[in-house]
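# Report on the structure
Listed below, chain by chain, are the residues.
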Amino acid sequence: MPDVFADLVGQDDAVTELRRAAAAAAAVLRAGAVDRAPALIAAGDADALAGDAPPSGVDPAAGMTHAWIFTGPPGSGRSVAARAFAAALQCVHGTGCGECQGCRTTMGGTHADVRLVVPEGLSIGVNEMRALVLRAASTPSGGRWQVVVIEDADRLTEAAGNALLKAIEEPPPRTVFLLCAPSTHPDDISVTIRSRCRVVPLRQPPATAVAEVLVRRDGVAPDVAQWAAAAAQGHVGRARRLARDPEARKRREAVLAVPRRLTGVGAAFDAASALIEAAEAEAEASVTEADAAERAALETALGAGGTGRGASGAIRGAAGQLKELEKRQKSRATRAQRDALDRALVDLAGFYRDALTMALRAPVAPVHTDTAALAGAGAQKWDAEGALRRLEAVLACRAAIESNVKPRIAVEAMMLALWKG
Ligand SMILES: [Zn+2]
């Protein structure tokens, strides 16, 4: 079995740094330094070692620290990197061998000392964060580290961010926080949290590296892998879906048909409706099954209430829990819709980017090889300036939705701009 970093595509620098950190962390554990001087790792301060006899070969300042942020564009592998690093920290060899119990249970999501927060709604709330911080402070049962992975740390509420900050400022000696966010911009992560973390920037992996991993790991045919890797614009998960899921390919084709369909005002509004509805349908397909299963599980658990003493209290509690579940599911559905719509906009942006690079005769490969001829025709008709205006209209739509403009309004404005040019 390949080691835990094998799935981190095209990120050699990051992998080198994480390997070094995992080795340093293992050395710290071997030397027992972490329990003798709890603040040592936390502060990441080499001077703290100076007065003491330093354990041989350990340099915590260079290697290991207790809080990390993984940044990079969507699909670059932020959460893959965080999970792999968590596994390497739990690895008995300290390398992320991929074979030992620590590696396998971490990668499988069952390690007792690794907590993974995957926000399902639009934000991570303060209660969830407090509970998490509390549990993370306990002694690791496996004798190594308590690792907390927070995916989409940019979706922390302000209160949750403050609860997390407190934990990062005064970290328990054996706790490591791994945050994932698109960037270290203050919109994504607060400046104070950022200042306490080491940043691991991931880049958009090159299409060749993505194609290679699709062939090697997923058994995709080389030509399909190459097409999917280019079309996914460096998003590894999206490339895999395009290569393997005919429905995903069909949805993408419908999105890329938009530029052809914009023949008038009416057509622009129709195209906006079609795009929104397709995103809704895709989102619904992705959450309906989970919703039903969750509700059934909760009802079964609550159904054991019966009658007699305490039953009425139990029913009141049950109503509250069902309401809570519905709230969570609604929030998740909203997010799934936004994600689906955003994917469609990224595809569309790729098309106008192709038209722009062709108008400029830039020597770069097209994102969408299958609509390259259409993009070429657009390039002739619009010139570079017109292609750029259209690309900007798509990016402006993404930005508007990100800042909470109603998706339908943003998409309608975009379609009109695309039609007018
Ligand atoms: Zn291992």
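Placed above this text is the structure.
Calculation notes
The numbering scheme is per chain: residues are counted from 1 as the chain's sequence reads. Local features in a predicted model are, by the rule used here, given only for residues with pLDDT of at least 70; side-chain atom pairs are given and counted only at 80 or more, and totals for whole chains, interfaces and linings are based on all residues. To obtain the side-chain values, all non-hydrogen atoms of the structure were included, while hydrogens and water were left out. Strands here mean DSSP runs of E at least two residues long; helices mean DSSP runs of H or I at least four residues long; both are numbered from the N terminus. Whether two residues are in contact is decided by their heavy atoms, any of which lying within 4.5 Å being enough. Method for areas: the Shrake-Rupley scheme with a 1.4 Å probe, in which residue coverage is limited to the protein chains shown. Shown as donors are all N, O and S atoms within 2.8 Å of a metal ion, widened to 3.2 Å for Na, K and Ca; because water is not in the atom set, sites may appear incomplete. Tetrahedral means four donors with every angle between 85 and 135 degrees, whereas square planar (four donors) and octahedral (six donors) require angles over 155 degrees between opposite donors and between 65 and 115 for all others; sites fitting neither are termed irregular. A 1.4 Å probe rolled over the protein chains alone gives each residue an accessible area, and that area as a share of the maximum for its type sets the label: buried under 20%, exposed over 50%, partly exposed in between. Classification of ring pairs uses Phe, Tyr and Trp, with its six-membered ring standing for Trp, and accepts pairs whose centres are within 6.5 Å; under 30 degrees between planes counts as stacked, over 60 as edge-to-face, and the remaining range as tilted. We call two strands paired when DSSP finds no fewer than two bridges between them. In this analysis an axis means a line fitted to C-alpha atoms, helices contributing only their contacting stretch, and an angle means the value between N-to-C directions, from 0 to 180 degrees. Here the word oblique covers every angle except those under 35 degrees (roughly parallel), over 145 (roughly antiparallel) and from 65 to 115 (roughly perpendicular). Each crossing gets its handedness from the near helix: less than a right angle anticlockwise from the far helix is left-handed, clockwise is right-handed. The rule for a salt bridge is simple: a side-chain nitrogen of Lys or Arg has to be within 4 Å of a carboxyl oxygen of Asp or Glu.

## Some remarks on the overall build of the protein
Within the protein one finds 19 helices and 5 strands. Within the protein, contacts between residues at least 6 apart in sequence are counted, and of these 71% link residues at least 24 apart. When the accessible surface of the protein is summed, it comes to about 20,600 Å², and 54% of that surface belongs to carbon and sulfur atoms.

## Concerning the coordination of the zinc ion
Reference values for coordination geometry: four tetrahedral donors around a metal ideally subtend 109.5 degrees, six octahedral donors ideally subtend 90 or 180 degrees. Every protein donor of the zinc ion is listed here as Cys91 (SG), Cys97 (SG), Cys100 (SG) and Cys103 (SG), and their distances to the metal cover 2.3 to 2.4 Å. With 4 donor atoms in place around the zinc ion and angles of 103 to 115° between them, the coordination shape is tetrahedral. Linear spacing of the donor residues for the zinc ion on their chain is C-x5-C-x2-C-x2-C. Residue classification places Cys97 among the buried residues on the basis of a relative accessible area of 18%. For Cys103, a relative accessible area of 0% gives the class buried.

## Focus on the side chain of Asp347
The topology assignment puts Asp347 in helix 17 (residues 311-359). Not counting the four nearest positions on each side in its chain, Asp347 is found in contact with Ala231, Gln233, Arg238, Arg252, Val255, Leu256 and His368.

## Quick word on the packing of aromatic side chains
Here the structure, examined in full by the defined rule, presents 4 aromatic pairs. Ring centres 5.6 Å apart and planes at 40° place the aromatic pair Tyr352 and Trp382 in the tilted group. With a gap of 30 residues between them, Tyr352 in helix 17 and Trp382 in helix 18 (residues 372-402) connect regions that are remote in the sequence. Classification of Trp382 as buried rests on a relative accessible area of 17%. Among the aromatic residues, those joined into a cluster by ring pairs are Trp68, Phe70 and Phe85.

## Remarks on helix 12 (residues 222-231)
For helix 12, the set of buried residues is Ala225, Trp227, Ala228, Ala229, Ala230 and Ala231. Directly after helix 12, the chain includes Gln233, whose backbone phi takes a positive value near 55°.

## Comments concerning the sheet that holds strand 4 (residues 175-181)
Here 5 strands make up an open sheet; going across it, the order is 2-3-4-1-5 and the pairing parallel. Looking at the sheet topology across the chains shown, the edges are occupied by strand 2 (114-117) and strand 5 (198-201). Strand after strand, the sheet turns through a mean of 15° between neighbouring axes, direction not considered.

## A closer look at the packing of helix 6 (residues 78-90) against helix 7 (residues 101-108)
In the contact formed by helix 6 and helix 7, the axes pass within 7 Å of each other and the chain directions differ by 150°. Classified by the angle between their axes, helix 6 and helix 7 sit roughly antiparallel to one another. Helix 6 and helix 7 meet at a crossing whose hand is right-handed. Contact with helix 6, carried on its side by Arg83, Ala84, Ala86, Ala87 and Gln90, involves Gly102, Cys103, Thr106 and Met107 of helix 7 and no other residues of that element.

## Concerning the packing of helix 11 (residues 207-218) against helix 13 (residues 236-244)
To characterise two packed helices, one gives the angle between the axes of the helices and the distance between these axes. Running from amino to carboxyl end, helix 11 crosses helix 13 at an angle of 60°, the nearest separation of the two axes being 10 Å. Compared by their axis directions, helix 11 and helix 13 come out oblique. Handedness of the crossing formed by helix 11 with helix 13: right-handed. Here helix 11 contributes Val210, Val213, Leu214, Arg217 and Asp218 to the contact with helix 13, which in turn contributes Val236, Ala239, Arg240, Ala243 and Arg244.

## What about the environment of Asp13?
Position of Asp13 relative to the elements: it lies in helix 1 (residues 12-31). Look at Asp13 and you get exposed, because its relative accessible area is 68%. Between the C-alpha atom of Asp13 and that of Val200, which follows or precedes it by 187 residues, the distance is 9.1 Å.

## With respect to the pattern of salt bridges
Under the counting rule described, the total for this entry stands at 21 salt bridges. Notably, a salt bridge pairs Arg196 with Glu169, separated by 3.6 Å at the nearest N-O pair. Of this pair, Arg196 sits in the loop between helix 10 (191-195) and strand 5 while Glu169 is found in helix 9 (residues 158-169), placing the two residues 27 residues apart along the sequence. When its relative accessible area of 35% is taken as the criterion, Glu169 is described as partly exposed.

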